[in-house]
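Here are the chains, one letter per residue:
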Amino acid sequence: DNTKIDLEKWDPVIPASGHDWGDWATAKQATEKEEGQEIRKCKNDASHTETRSIPKLEHVHKPELIAGKDATCTEPGSKPYYHCAGCGLYFLDAKDPDNTKIDLEKWDPVIPAFGHVWGDWETVKEATEKEEGQEIRKCKRDASHTETRQVKKKDPEKISYTVTVGDKQIWYKGTINSVEFTFKRSFEDETTFRHFIGIKIDGKNVAENNYTKMPGSVIIQLSPDYLPLLNVGTHTLVAEFDDGSADASFTVADRDLNNNSRNTDNSSSSSRNSNSSSSSGSSNSNSSSSGSSNSSSSSGSSNSSSSSGSSNSSLSSGSSNSSLSSGSSNSSDISRNSNSIIPDTGNSESTDNSNDRIGLNTGSSKMKGVNTVDESIKDKNRNLPVTADTGTVIIWFALLFASLIVLMLAVRSGRKRYR
């Protein structure tokens, strides 16, 4: 009775007490691309929750290096750059990405190849006549980069042969010496002997038994038995090789000393007949037009004539004379008589063709003083071959020297007697 209520007047509703919220807790982390979320629960009733969004995070670049590559002589390289996976941007400087952004569609990171910088060619293998050679050059940027090229074979050297010893020599018949030639090759002379085939003289092959061949270039010696078979005159010798030839000339000369001796005797005889006769031991003297004097002497007498012109004197048979006949001295071992001229104060003119000549008639001559030079001996000595007998030459000069001494004694004796 005491708790009666009038529903029309009594309110049965109890008011809500309200939430007592706890702290916000992150339900979803915010990122640069998506918002996050936070949630809080009521302390009175944990089933009562409240959520709110967390704004997106501000973007922070995280650069990742895309490495570059050095260019070489033959391969291109690339420039290094950075990429941010968070925003997808590309840039060159990780420390300043916002100011070094690049657009890959417009920016080319490729570094072109440098190309080679070649050095000089160097010989690796010499070219020969049989094989090609090889040369190489290196790149100055990278020595491991090389280039090679072939060097063509050498052109075969033109081979020639020359005579170095024996050309234009003279061989005299009657001598026993050989004729020697040396032929030299212009290239690889040590092989000359191997290339030798044979010789020809005047276009005809010469048998091997008529000459000897020796190495040292090539030395050819003609046999002394073969040389006399050649005619007097100049001959051409051709040395033949399997890759060339060379020629030389030589002369075969006649050396007939017996004929020379007979010619000398005939000249001396002619001289005796034209100037004086020694058989009677007398001497004739010719003088100029201004006056003359004749005197003869045998067995050791001296004949002389003196005038304003010339004088001629002859000594024979034991007298001092330039002749070696009958105990006297002569300037020739062939002639047996000759006349000497005794100098006077005037000029003496010879009236014969053989005064002071040794076995040869050379014509008249004008002389001053005593003529002691025999032109025929000069000519004969000039024509003596290299192979002449040394003893014969010595005898000739010894006789000439003795004749000069005897002639000087005769002149002195003649002068004393004349005075």
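Owing to the predicted nature of the structure, the values given are computational and were not obtained by experimental measurement. (Residues numbered from 1 in each chain as written. Predicted model: local features only at pLDDT ≥ 70, side-chain atom pairs only at ≥ 80, totals over all residues. Heavy atoms only, no water.)

Draft legend 1. Inspection of the overall build of the protein at higher detail. Looking only at helices and strands, the protein has four helices and 23 strands in total. Across the 419 residues in the protein, those meeting the buried criterion constitute 31%. Counting only contacts in the protein whose residues sit at least 6 apart along the sequence, the fraction spanning at least 24 positions is 47%. Here the protein displays about 26,600 Å² of accessible surface, and carbon together with sulfur accounts for 48% of that area. (Helix = DSSP H or I, 4+ residues; strand = E, 2+ residues; numbered from the N terminus. Buried < 20%, exposed > 50% of the residue type's maximum accessible area, 1.4 Å probe, protein only. Contact = heavy atoms within 4.5 Å. Areas by Shrake-Rupley, 256 points an atom, 1.4 Å probe, with all protein chains shown as cover.)

Draft legend 2. Seen up close, the sheet that holds strand β14 (residues 169–172). With mixed pairing, five strands are arranged side by side in an open sheet as β14-β21-β20-β16-β17. Each of the sheet's edge strands pairs with one partner strand only, and the pair in question is β14 and β17 (204–205). For strand β16 (residues 196–201) and β17, the ladder comprises two bridges, and the chain directions are antiparallel. If you follow I201 over to β17, its bridge partner there is K204. (Pairing = 2+ DSSP bridges.)

Draft legend 3. Examining unusual backbone geometry more closely. The phi angle at E188 is positive, at roughly 50°, despite the residue not being glycine. Note that E188 resides in the loop between β15 (179–185) and α1 (192–195). Located in the positive-phi region is D202, a residue other than glycine, with phi close to 55°. Mapped onto the elements, D202 comes out in the loop between β16 and β17.

Draft legend 4. Broad picture of the pattern of salt bridges. Using the criterion set out here, one finds ten salt bridges in the structure. For the salt bridge of R52 with E38, the shortest nitrogen-to-oxygen distance reads 2.5 Å. Taken as a pair, R52 in strand β3 (residues 49–54) and E38 in strand β2 (residues 36–41) lie far apart in primary sequence, 14 residues in all. On the basis of relative accessibility, which here comes to 38%, the residue R52 falls in the partly exposed class. What makes E38 buried here is its relative accessible area of 17%. With a closest N to O distance of 2.3 Å, E50 and R40 form a salt bridge. Taken together, the residues E50 in strand β3 and R40 in strand β2 connect sequence positions ten residues apart. Under the relative-accessibility criterion, E50 is labelled partly exposed at 29%. (Salt bridge = Lys/Arg side-chain N within 4 Å of Asp/Glu carboxyl O.)

Draft legend 5. Looking closely at the environment of W171. When you line up the elements, W171 lands in strand β14. Spatially, the C-alpha atoms of W171 and L227 are 8.3 Å apart, while their sequence positions differ by 56 residues. Discounting residues that sit within four places of it in the chain, W171 has contacts with N177, V179, L227, P228, T251, V252 and A253.

Draft legend 6. Geometry of the packing of aromatic side chains. Evaluation of the coordinates by the stated rule reveals seven aromatic pairs. Considering the side-chain rings of Y161 and F241, the 3.8 Å spacing of their centres and the 0° angle between planes classify their relative orientation as stacked. Of the two residues, Y161 is situated in strand β13 (residues 161–165) and F241 in strand β20 (residues 233–241); the sequence distance between them amounts to 80 residues. Each member of the pair, Y161 as well as F241, carries the same accessibility label: buried. (Phe/Tyr/Trp six-rings, centres within 6.5 Å; stacked < 30°, edge-to-face > 60°.)

Draft legend 7. Structural context of the sheet that holds strand β4 (residues 63–66). The antiparallel open sheet is built from four strands, whose spatial order is β4-β6-β7-β8. Each edge of the open sheet carries a strand with a single partner, namely β4 and β8 (101–102). Of the pairings in the sheet, the one linking strand β6 (residues 81–84) to strand β7 (residues 90–91) comprises two bridges and is antiparallel in character. Each residue of the ladder has a partner; that of H83, found in β7, is Y90.

Draft legend 8. Local environment of a negative patch on the surface. A surface patch of negative charge is lined by E129, D155, E157, E188 and E190. The class for E129 is partly exposed, based on a relative accessible area of 41%. (Patch = residues over 30% accessible without salt bridge, like charges linked within 9 Å, V, L, I, M, F, W, Y side chains within 5 Å. Lys, Arg positive; Asp, Glu negative; His and termini not counted. Charge placed at Lys NZ, Arg CZ, Asp CG, Glu CD.)

Draft legend 9. Highlighting the pairing of strand β19 (residues 218–222). The buried count for β19 comes to four of five residues, which makes it a mostly enclosed element. Relative to β19, β15 runs antiparallel, the two sharing five bridges. Bridge assignment links F183 to a residue of β19, and that residue is V218. As defined by bridge partners, strand β18 (residues 211–215) adjoins β19 across five bridges and the pair is classed as antiparallel. In the sheet register, P215 faces β19, and the bridge partner there is V218. Taking the residues between adjacent antiparallel strands as the criterion, β18 and β19 are bridged by two residues, where G216 takes a positive phi near 115°.

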